[in-house]
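Architecture at a glance
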Amino acid sequence: AYVITDPCIDVKDGDCTVACPVDCIYEGGRMFYIHPGECINCGLCLSVCPVDAISWDEEIPQDRVQFKAVNQDFFGPD
Ligand code: SF4
Ligand code: F3S
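This write-up is about the structure you can find in this document. (Residues numbered from 1 in each chain as written. Chains lettered and ligands numbered in written order. Predicted model: local features only at pLDDT ≥ 70, side-chain atom pairs only at ≥ 80, totals over all residues. Heavy atoms only, no water.)

1. Topic: the site of ligand 2
Every one of the 13 residues lining ligand 2 counts as a neighbour, but Cys8, Gly14, Cys16, Phe32 and Cys49 are closest to it. Taken atom by atom, the bulk of ligand 2 overlaps the largest cavity. For the shell around ligand 2, a count of residues per class yields 9 nonpolar, 1 polar and 3 charged. (Near = heavy atom within 4 Å. 1 Å grid on protein atoms, 1.4 Å probe; cavity = no way out; pocket = protein on both sides within 12 Å on 5 of 7 lines; lining within 4 Å. Sits in = over half its atoms within 2 Å of the grid points. Nonpolar A, V, L, I, M, F, W, Y, C, P; charged D, E, K, R; others polar.)

2. A closer look at the site of ligand 1
Around ligand 1, the surrounding shell holds 13 residues, and the nearest of these are Cys20, Cys39, Cys42, Gly43 and Cys45. When atoms are counted within 2 Å of each cavity's grid points, the one that captures over half of ligand 1 is the second largest cavity. Tallied by class, the residues present in the shell around ligand 1 amount to 11 nonpolar, 2 polar and no charged.

3. Comments concerning unusual backbone geometry
In terms of backbone geometry, most residues other than glycine have negative phi values and most peptide bonds are trans. One non-glycine residue with positive phi stands out, namely lysine 12, at about 45 degrees. With respect to the secondary-structure elements, lysine 12 resides in the loop between β1 (2-4) and α1 (15-19). The backbone of aspartate 23 sits at a positive phi, close to 50 degrees, despite the residue not being glycine. With respect to the secondary-structure elements, aspartate 23 resides in the loop between α1 and β2 (25-27). (Helix = DSSP H or I, 4+ residues; strand = E, 2+ residues; numbered from the N terminus.)

4. Comments concerning empty space enclosed by the protein
Evaluation of the coordinates by the stated rule reveals 2 cavities of 30 Å³ or more. In this structure, the largest cavity occupies an estimated 90 Å³ of space. Lining of the largest cavity is provided by 13 residues; of these, Cys8, Asp13, Gly14, Cys16 and Cys49 occupy positions nearest its centre. Counted by class, the lining of the largest cavity contains 9 nonpolar, 1 polar and 3 charged residues. There is about 40 Å³ of room inside the second largest cavity. Forming the boundary of the second largest cavity are Cys20, Cys24, Ile25, Ile34, Cys39, Ile40, Cys42, Gly43 and Cys45. Per-class residue counts for the lining of the second largest cavity are 8 nonpolar, 1 polar and no charged. (Points joined across faces, edges and corners; volume = space filled by probe spheres on them.)

In structure tokens, the structure reads:
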């Protein structure tokens, strides 16, 4: 799944939610989160984020790798 990381915090541009064909991007307190079970890995959200907050979960930069769990935890255990 794709993952939203720290540049989204307090930016919350929201264009990713418009781009997502399956509406699996949800607004949280200070950022948005991608539901890992609903994301179809289409990659459409990646290019629209103005702050490059979205990463493919197998290619997340080392300093943002914790956001994989942050996105998952927002939705709770499966
Ligand atoms: Fe939605 Fe596609 Fe982005 Fe997944 S990769 S969050 S399905 S736009
Ligand atoms: Fe956040 Fe970028 Fe979406 S700032 S809300 S991940 S377009």
